[in-house]
Amino acid sequence: MIHIPKSEYGRRRKALMAQMEPNSIAILPAAAVAIRNRDVEHVYRQDSDFQYLSGFPEPQAVIVLMPGREHGEYLLFCRERNAERELWDGLRAGQEGAIRDYGADDAFPITDIDDILPGLIEGRDRVYSAMGSNPEFDRHLMDWINVIRSKAHLGAQPPNEFVALDHLLHDMRLYKSAAEVKVMREAARISAQAHIRAMQASRAGLYEFSLEAELDYEFRKGGAKMPAYGSIVAAGRNSCILHYQQNDALLKDGDLVLIDAGCEIDCYASDITRTWPVNGKFSAEQKAIYELVLASQEAAFAEIAPNNHWNQAHEATVQVITAGLVQLGLLQGDVDELIASEAYKAFYMHRAGHWLGMDVHDVGEYKVGGEWRVLEVGMALTVEPGIYIAANNQTVAKKWRGIGVRIEDDVVVTKTGCEILTHGVPKTVAEIEALMAAARAQAA
């Protein structure tokens, strides 16, 4: 299985500390354990920022970065080894493992943090923290600051500046290294196989969850611990619900099914959408809408390159989709005027994509100084145009109603344009129909 190498975490910490003010400290907590119901926990997933800096997979941990500290700049508070708890819950790194396996310069028991951390903060001018994203930890941090303030009359020096760590860290996360792209390629490869498997299994009489089961099987078989987000399996009119998640309707002959699903590898997401006919054959209307969405996606790919701005890809999809809807008779009027009045939003109401990385809707600003961000090498994003004609849309002929199509791929900006990470899933009408016909022939 492909992973981010340990050395990369060290480089990230060094890069972050190089941007921090002299005589400052950064403090970041691990994700809390989430309770599913009563005393049953959700599968643990580390906080993305914490993971990005440490690769440390356990809860009840806190990272402390102190640039220039003589006795080590990277400290980790974590759980102690505990034979009884490890018998029930699995092995812990402990303080030795934090140093040996995760690169900490020093490590302390998390139970000692109240005694140790105020002394580390004292005398530092600035504190960087994930303010606002973890209110409970914010309260702890203020408690530690107040311990220092209470000793000011004894000469203790509390920090006088508090800065959101996100500003530095999230900009770093926007640029993917070669190792990150390698992991994202692997997540994309596994997810592509899952979509192919679902296409091959598709037939009338199954349920949406039948196809979701095919996805989950392929994710786990490929080594992914979990989906990157709740899978959308939307058949028929459900394909016009953007964030549909019931996944329990019957697959009917003549309907389309839209699947938006991807797995996560080493906390890096993939995000793929494909739309295909349940019975393996597009109707004339389905094909017309599908090929229009596909053409708009191709136009978007052409706009993704260094020095182009973030919004150019979206603008390209709007242009192609609006002109196509006019040609099909679903919109009437001048294309430029329809774009200016946003008439296309009745059918295409979302943007063409988002940043992608450790979070499926990844961090990073889309605008800088009020202007759309300029794309640079290493930025990763999705390209996902769609057209949705609701089943109750009385403004169009009945033959179009209930058709929802979205096509989504993951790309990384390269020196010459972009690399499509998710190219492994069939996408043209001919490719999809051929794949599904072969699967049916084999099953017969």
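How each quantity is defined
- Residues numbered from 1 in each chain as written.
- Predicted model: local features only at pLDDT ≥ 70, side-chain atom pairs only at ≥ 80, totals over all residues.
- Heavy atoms only, no water.
- Helix = DSSP H or I, 4+ residues; strand = E, 2+ residues; numbered from the N terminus.
- Expected span 1.5 Å × (residues − 1).
- Buried < 20%, exposed > 50% of the residue type's maximum accessible area, 1.4 Å probe, protein only.
- Arc of directions from axis to C-beta.
- Domains from an automatic or database assignment.
- Contact = heavy atoms within 4.5 Å.
- Buried area = accessible area lost by both parts, 1.4 Å probe.
- Salt bridge = Lys/Arg side-chain N within 4 Å of Asp/Glu carboxyl O.
- Phe/Tyr/Trp six-rings, centres within 6.5 Å; stacked < 30°, edge-to-face > 60°.
- Lys NZ or Arg CZ within 6 Å of the ring centre and 35° of its normal.
- Pairing = 2+ DSSP bridges.

## Section: helix α13 (residues 429-443)
- Between the first and last C-alpha of α13 there are 21 Å, a value that for 15 residues agrees with the 21 Å anticipated at 1.5 Å per step.
- Residues of α13 that are buried include every one of Val429, Ile432, Glu433, Leu435, Met436 and Ala439, and no others. The buried residues of α13 all sit within an arc of 160° when viewed along its axis, so they share a single face. Facing away from the buried side of α13 by more than 90 degrees, the exposed set consists of Ala430, Ala441 and Gln442.

## Topic: the domain arrangement of the protein chain
- In terms of domains, the protein chain is made up of domain 1 (6-173) and domain 2 (175-443).
- A separation of 38 Å is found between the C-alpha centroids of domain 1 and domain 2.
- Each side of the interface is counted separately: domain 1 has 13 residues, and domain 2 has 16 residues.
- For the pairing of domain 1 and domain 2, the buried interface totals around 1,200 Å² over both sides, and the portion due to carbon and sulfur atoms is 44%.
- Its largest share of buried area at the contact with domain 2, domain 1 owes to Arg45, Asp171 and Arg173, together 48% of the area lost on that side.
- Counting every contact that joins domain 1 to domain 2 gives 5 salt bridges.

## Here we look at the packing of aromatic side chains
- As enumerated under the stated definition, the model contains 9 aromatic pairs in all.
- Summarising the aromatic geometry, the rings of phenylalanine 137 and tryptophan 144 are spaced 5.6 Å apart at their centres and angled 70° between planes, so their arrangement reads as edge-to-face. An identical accessibility class is assigned to phenylalanine 137 and tryptophan 144; each is buried.
- With 6.4 Å between their ring centres and 50° between their planes, tyrosine 344 and tyrosine 348 make a pair best called tilted. Both residues of the pair, tyrosine 344 and tyrosine 348, belong to the buried class.
- In this structure, lysine 367 is placed above the aromatic ring of tryptophan 372, and the distance from its NZ or CZ to the ring centre is 4.6 Å.

## Structural notes on the pairing of strand β14 (residues 272-277)
- By the criterion of burial, β14 is predominantly enclosed, with 6 of the 6 residues buried.
- Residue alternation in β14 divides its side chains into two sets, Ile272, Arg274 and Trp276 and Thr273, Thr275 and Pro277, and both sets are buried.
- Relative to β14, strand β11 (residues 256-261) is paired through 6 bridges, and the arrangement is antiparallel. Paired with aspartate 260 across the strands is threonine 273, a residue of β14.

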